[in-house]
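# Survey of secondary and tertiary structure
Take a look at the letters that make up each chain.
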Amino acid sequence: AVEATELPRSLLVLGAGPVGLELAQAFHRLGTAVTVVEAGEHALPMEEPEQGAAMDEVVRAEGMTLHTGVTAVSVKPFDDGTGLWVWLSDGTMVAAERLLVATGRRLDLGGLGVAAAGLDPDAKAVAVDPHLRAGEGLWAVGDVTGKGAFTHVAVYQGRIAAADILGVGHEPADYTAVPRVTFTDPEVGSVGLTEAQARALLGRVRVGVAATGASARGWIHGPGAEHGVVKLVADVGRGVLVGGSVMGPAAGEVVGLLVLAIRERVPVAALRELIFPYPTFVRGVEDALRQLE
């Protein structure tokens, strides 16, 4: 899709995760009529439901067609080869010139020849220790480790592996606060556990939610800031954040504060005492922190 030299008149995207939504929005803004199909209840099904519902609004407000809670059942090309039909599980039939399948990826370790290094080519990922060691004299970094298919994770792991190879002192890998950003407009940046994950794992949690558009900066900024929330999840017992999600312009920048807070276990009480610059989108974090009292 990213190598396309001509715009299709219409595009059907299967999957409303980060890749599907980023490309759907890009093609739509370049002039393609876009339909998105997502099996989950909302777009961005791996994120907080508040962000998913807000992204549903964004997609539809921009003029794209969004089908949620349904899957593709069958696909049939037009007889003249100019497009295809896709039947959905609710009986809907959608026609499009091109089909983009963005329903996830799986590793092909066999294709990398890992068996030659004594590793299981049928494994879901290469098992590594906190120093990125996959075996005697063998290190693995990046997507193949199954620790997150993000460039920033691969770079982080690369630094640790390089230090270990060279015998340089280093901290072991810690994936407590791995950020993820969906680069749609508006962006969605998250780190740590979702509310549902935290409740299942920890039991007692407290949640703070603040609407992006309700902040002074959100109101000033206007378009791109009217959807979404800042959502914080705190462990009641330890009094620290375990998860956070931000939706709005520059959400990928704002989430950096939450990465630091979660990684270093900064007490929520200490975070409330910070002086946040005004007017900025970071003030949304301040508003959500107040609800954790």
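Here's what I pulled together on the structure shown here. (Residues numbered from 1 in each chain as written. Predicted model: local features only at pLDDT ≥ 70, side-chain atom pairs only at ≥ 80, totals over all residues. Heavy atoms only, no water.)

### A look at the overall build of the protein
- Within the protein, the secondary structure is distributed over eight helices and 14 strands.
- Counting every position in the protein, which comprises 293 residues, the buried fraction comes to 42%.
- Contacts in the protein between residues at least 24 apart in sequence constitute 53% of all its contacts with a sequence separation of at least 6.
- About 15300 Å² of surface is accessible on the protein, with carbon and sulfur atoms providing 55% of the total.
- Distance between charge centres in the protein, computed from 23 positive and 35 negative side chains, equals 5 Å. (Helix = DSSP H or I, 4+ residues; strand = E, 2+ residues; numbered from the N terminus. Buried < 20%, exposed > 50% of the residue type's maximum accessible area, 1.4 Å probe, protein only. Contact = heavy atoms within 4.5 Å. Areas by Shrake-Rupley, 256 points an atom, 1.4 Å probe, with all protein chains shown as cover. Lys, Arg positive; Asp, Glu negative; His and termini not counted. Charge placed at Lys NZ, Arg CZ, Asp CG, Glu CD.)

### Re the pattern of salt bridges
- Tallied over the entire structure, the rule returns 16 salt bridges.
- With a shortest N-O distance of 2.9 Å, Glu50 and Lys231 are connected by a salt bridge. Here Glu50, found in helix α2 (residues 49-61), pairs with Lys231, found in strand β13 (residues 229-235); they are 181 residues apart in sequence, far enough to count as distant.
- In this structure Lys231 comes out as buried when scored by relative accessible area, which is 1%.
- Put simply, Arg263 and Glu264 hold a salt bridge, and the shortest N to O gap is 3.7 Å.
- Here Arg263 falls in the partly exposed class, since its relative accessible area comes to 29%.
- By relative accessible area, Glu264 is classed as partly exposed at 48%.
- If you follow the salt bridges from partner to partner, you end up with Glu48, Glu50, Glu195, Arg199 and Lys231 in one network. (Salt bridge = Lys/Arg side-chain N within 4 Å of Asp/Glu carboxyl O.)

### Section: the sheet that holds strand β5 (residues 84-88)
- Strand order in the open sheet formed by three strands is β4-β5-β6, and the pairing between neighbours is antiparallel. Taken across any chain shown, the strands that pair with only one partner, and hence form the sheet edges, are β4 (72-77) and β6 (93-96). Direction aside, neighbouring strands of the sheet carry axes that sit 20° apart on average.
- One ladder, built from four bridges, connects β5 with β6; its direction is antiparallel. Residue Leu84 lies in a different strand from β6, and its bridge partner there is Ala96. (Pairing = 2+ DSSP bridges. Axes fitted to C-alpha atoms, helices over the stretch in contact; angles between N-to-C directions.)

### Some thoughts on a nonpolar patch on the surface
- There is a patch of nonpolar side chains on the surface, built from Trp139, Ile165, Leu166 and Val168 and spanning about 400 Å² of accessible area.
- Tracing the chain through its elements places Trp139 in strand β9 (residues 138-139).
- A residue is classified by how much of its surface remains accessible, and Trp139, at 31% relative accessible area, is partly exposed. (Patch = residues over 30% accessible without salt bridge, like charges linked within 9 Å, V, L, I, M, F, W, Y side chains within 5 Å.)

### Side note on the nonpolar core
- If you look at the biggest cluster of nonpolar residues, it comprises 23 residues, and the most contacted ones within it are Leu232, Leu241, Leu258, Val285, Leu289 and Leu292.
- Residue assignment for this core shows that the elements contributing at least two residues are β13, β14 (240-248), α6 (251-263), α7 (268-272) and α8 (283-290).
- Take this core: its biggest share by element is six residues, from α6.
- Ignoring anything within four residues of it in the chain, the contact list for Leu258 reads Val191, Leu232, Leu241, Gly244, Ser245, Val246 and Val285.
- Of all hydrophobic cores here, the second largest spans 20 residues; its members include Leu23, Ala24, Val36 and Val59. (Core = buried A, V, L, I, M, F, W, Y, C linked by side-chain atoms within 4.5 Å.)

### Description of the side chain of Glu47
- Along the chain, the position of Glu47 falls in the loop between β2 (33-38) and α2.
- Side-chain polar atoms of Glu47 contact the side chain of Arg180, separated by 2.9 Å.
- Contact partners of Glu47, with chain neighbours within four places excluded, come to Arg180 and Ser190. (Polar contact = N/O pair within 3.5 Å; in protein donor to acceptor, adjacent residues only side chain to side chain.)

### Let's talk about the environment of Ser215
- Along the chain, Ser215 turns up in the loop between β12 (205-211) and α5 (216-221).
- For Ser215, a relative accessible area of 5% puts it in the buried group.
- Between the alpha carbons of Ser215 and Tyr278 there is a distance of 10.0 Å; along the sequence they are 63 residues apart.

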